[in-house]
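Residue-level listing of the chains:
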Amino acid sequence: MKASLGLVLLAIAVGGAALAAPGLIAYQGRITDTEGNPVTSAITVTFTFWSSESGGSQLGGGFSDADTVTPDADGVYSTFIGDDPSLPVPAAVFSGNNVWLNVNVNGENLAPRKRVGAVAYALQSGNADTVDGAHKTDLANAYHTHTAIDIESGVFPPFMIPQNITLSSSAFVDGGAIRAGSIAPAYIDPAIARDSEILPAVLAGDGPGSGLDADTLDGQQAAAFAASSHAHSGADITSGMIPETAIPMTITRDSEIMTQVLGNDGAGSGLDADKLDGQQAAAFAASSHSHSGADIDTGTVADARIAGTIARDSEIMPTILANDGPGSGLNADLLDGEHSSHFITTSGGDISGIALSGGLLRITSTDVTGHALVVEALGANGVGIECSATDTGSYTQYGARFSAESTIGRGVQASGKGYDFYAGGTGTNYGPFTGAHEVRLAEDFPLDITPGVLVCTAGPSLKRADEKGDVYVSSTLPTVRLADTPQDKTVLGVIVKELPLAEDHWYKPAADERFAAVNALGDGRVWACTANGDIAMGDYLTTSAVPGYAQKQDDDLQHSYTVGKVTEIVDWNAVTDTVEFAGQTFKAYLIAVVYTCG
């Protein structure tokens, strides 16, 4: 059982103590489980600071301190926040008025957060250790003096200047004494040009013949550019097309070369192709040549080229047909690959033959809609097929045994109007069995179906009616959904697998409808979880809030919502499968049951 954790905040000290241990906060708390019992085993406690009781932003640049503590017998533990010398509590955490402490125990946040306040004496602390990070030695006293060298800007008002100093507009000040501010134009030598005078002088002097020269053009020296008239070598031409007018007439054009070649080519021209499609003459055969029989490996040789002593198909078949029949002396060695000993013979209406793979007779039909054997009994009390096994030995015998291997195959399909199946033997009429229903899956049923999950009826239940509209009592097709409510009395059973309906089924489904088989009676299994505790043999199971999973029923009475009774012992400590739901993790197991829900 997962513990629920509770917290009692006993002490948080912030303020004056920081002088002795900067960034260190003493903390004490108490931890209990959901029943109020103290937790005494080792736990991991993680502290963070936030700007509000819930939500908000984390303070201290994401500061976090995780400590492993072991509470005492009462669940009480003590620790220090920021006791790692390399990771003290940042002073910035307490730069505002709203600071909330969040405590996380073993990955679970305890609510609500606790507001952090100052220790009473810290409110009246006489000395700040620093002011905006500056110590006392970095600050000046309220009353202090300066020497003249400290004065480097501003103007003294007259009342701050001793009376024995003469103030005069004609007083002379050395240029070296001007250390701040701007000198008025009237006090600047007229020979010094102003900005407004320099630019017109440059613009007026610029242009051809001005004698002005740009040192660089777009940052490039003149050596980076070519003169307006210059030449190139052939190696300089790397792109574009040279116009024909710029090419000497002594150079032959394509049209001239082709005309000359075509004019000289032909019989007796003296020209010869060095290669034909890249092949030398030795790669070709002469126009007149012969072949041996081994050279013929494709195509068909014309009839006129085949010796008359070789029989043609049209000659062979009449010869065989003429000689075949009773007394012809011809005999097929195999018929469709089977020896004659593999077939039965008829005599007087009875069938006799030899054993074939352990049986007297094998009948096979490979057609999609074919029937390997059709037997009709047309008499008033006729029996279509009667099977018996009469050997009285101690080994198992079967009067008849049927199997179908496809995913929707049926070993036996019965469609009697009195009884679909009737067993009247003196022994046990039914062996071990599990009863299943055909169901229609609801439109929102998950596409990925896990065999063994629980389903509930979701209505409607589809009806089967005859040509008169009368509803069959023994045929229905309920609609189901995934179980997701504890103690749901609409529970029907356990999904076996998703299966389409047979082609000859009485219900004709739409293209998007889905169907499945659901176990509801007999022996089987179901996915169960520990949402209501560990499950023991003999417990009843019911639905749970975990979709598709069963859980232990609260009592030992069979109810309308009981899924079945557990028939095996499970070591839950060894179970490794789990299921997640609503933020919790439960162990899960495909457990054996006797179904009672359908």
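Scoring rules and cut-offs
- Along each chain, the written sequence defines residue order, and numbers are assigned to residues from 1.
- Local features in this predicted model are restricted to residues whose pLDDT is 70 or higher, and side-chain atom pairs enter the listing and the counts only when it is 80 or higher, whereas totals over whole chains, interfaces and linings include all residues.
- Side-chain figures throughout are based on the complete set of non-hydrogen atoms in the structure, without hydrogens or water.
- Put simply, DSSP H or I for four residues or longer makes a helix, DSSP E for two residues or longer makes a strand, and each gets a number counted from the N terminus.
- Burial classes follow relative accessibility: with a 1.4 Å probe on protein chains only, a residue under 20% of its type's maximum area counts as buried, one over 50% as exposed, and anything between as partly exposed.
- Contacts are assigned to residue pairs that have any heavy atoms within 4.5 Å of one another.
- Each accessible area is a Shrake-Rupley result for a 1.4 Å probe, and residues are judged covered by the shown protein chains and nothing else.
- pLDDT measures how confident the predictor is about each residue, on a scale from 0 to 100.
- In this text, buried Ala, Val, Leu, Ile, Met, Phe, Trp, Tyr and Cys residues form a nonpolar core when linked through side-chain atoms within 4.5 Å.
- Residues adjacent in sequence count toward polar contacts only when both atoms are side-chain atoms; beyond that, a polar contact is any pair of N or O atoms within 3.5 Å, and within protein one must be able to donate a hydrogen and the other to accept it.
- Two strands pair under a simple rule: DSSP has to find at least two bridges between them.
- Salt bridge, as used here, is a side-chain nitrogen of Lys or Arg placed within 4 Å of a carboxyl oxygen of Asp or Glu.
- Note on ring pairs: Phe, Tyr and Trp rings are taken, using the six-membered ring of Trp, and paired if centres are within 6.5 Å. Classes follow the plane angle, with under 30 degrees stacked, over 60 edge-to-face and the rest tilted.
- Counted as over-ring charges are cases with an Arg CZ or a Lys NZ within 6 Å of the ring centre that also lie within 35 degrees of the ring normal.

## A word on the overall build of the chain
Moving on, step 1. Looking only at helices and strands, the chain has four helices and 20 strands in total.
Moving on, step 2. In the chain, which comprises 598 residues, the share counted as buried stands at 19%.
Moving on, step 3. Within the chain, counting contacts between residues at least 6 apart in sequence, those at least 24 apart form 59% of the total.
Moving on, step 4. Summing over all exposed atoms, the chain offers an accessible surface of approximately 44,400 Å²; the carbon and sulfur share of this is 54%.

## As for the confidence of the model for the chain
Moving on, step 1. Overall, the predicted model of the chain reaches an average pLDDT of 80, with 77% of residues at or above 70.
Moving on, step 2. This model gives residues 1-21 a pLDDT under 50, and the stretch forms 49 contacts once residues within four places in sequence are excluded.
Moving on, step 3. Across residues 352-356, where pLDDT falls below 50, the model places nine contacts with residues more than four positions away in sequence or in other chains.

## Points about the nonpolar core
Moving on, step 1. Counting 21 residues, the largest nonpolar core has Phe49, Ile81, Leu101 and Val103 as the members making the most contacts within it.
Moving on, step 2. A per-element tally of this core places strand S3 (residues 43-50) first, with four residues.
Moving on, step 3. Ala483, Val491, Ala528 and Val575 belong to the second-largest nonpolar core, a separate cluster that totals 19 residues.

## Notes on the side chain of Glu568
Moving on, step 1. Examined against the element boundaries, Glu568 turns out to sit in the loop between strand S18 (562-566) and strand S19 (578-581).
Moving on, step 2. A polar contact is formed between the side chain of Glu568 and the side chain of Arg525, at a distance of 2.6 Å.
Moving on, step 3. At 3.4 Å, the side chain of Glu568 forms a polar contact with the side chain of Tyr589.
Moving on, step 4. Non-local contacts of Glu568, meaning those with residues more than four positions away in its chain, are made with Arg525, Met537, Tyr589, Leu590, Ile591 and Ala592.

## A word on the pairing of S18
Moving on, step 1. Counting buried residues along S18, four of its five residues qualify, which places the element largely inside the surrounding structure.
Moving on, step 2. Pairing between strand S16 (residues 540-543) and S18: three bridges, direction antiparallel. By the bridge assignment, Tyr540 is partnered in S18 with Lys565.
Moving on, step 3. Pairing between S18 and strand S20 (residues 584-595): three bridges, direction antiparallel. In the sheet register, Val566 faces S20, and the bridge partner there is Val593.

## Here we look at the pattern of salt bridges
Moving on, step 1. As enumerated under the stated definition, the model contains eight salt bridges in all.
Moving on, step 2. Between Asp303 and Arg312 there is a salt bridge, and its shortest N-O distance comes to 2.8 Å.
Moving on, step 3. Asp303 gets classed as partly exposed once you look at its relative accessible area, which sits at 49%.
Moving on, step 4. Residue Arg514 is joined to Glu498 by a salt bridge in which the shortest nitrogen-to-oxygen separation is 3.0 Å. Taken together, the residues Arg514 in the loop between strand S14 (491-498) and strand S15 (515-529) and Glu498 in strand S14 connect sequence positions 16 residues apart.
Moving on, step 5. Judged by its relative accessible area of 15%, Arg514 is buried.

## Brief notes about the packing of aromatic side chains
Moving on, step 1. For the structure on display, the rule yields eight aromatic pairs.
Moving on, step 2. Ring centres of Tyr27 and Phe47 lie 4.9 Å apart, and the angle between their planes is 65°; on these two criteria the pair is classed as edge-to-face. On the criterion of sequence distance, the pair formed by Tyr27 in strand S2 (residues 25-32) and Phe47 in strand S3 is long-range, its members being 20 residues apart.
Moving on, step 3. The class of Tyr27 is buried, set by a relative accessible area of 2%.
Moving on, step 4. Judged by relative accessible area, which is 0%, Phe47 ranks as buried.
Moving on, step 5. With a centroid separation of 6.1 Å and an interplanar angle of 55°, the aromatic rings of Trp527 and Tyr549 are classed as tilted. On the criterion of sequence distance, the pair formed by Trp527 in strand S15 and Tyr549 in the loop between S16 and strand S17 (550-552) is long-range, its members being 22 residues apart. Like Tyr549, Trp527 is buried.
Moving on, step 6. Positioned above the aromatic ring of Tyr472 is the side chain of Arg464, whose terminal nitrogen or guanidinium carbon lies 4.5 Å from the ring centre.

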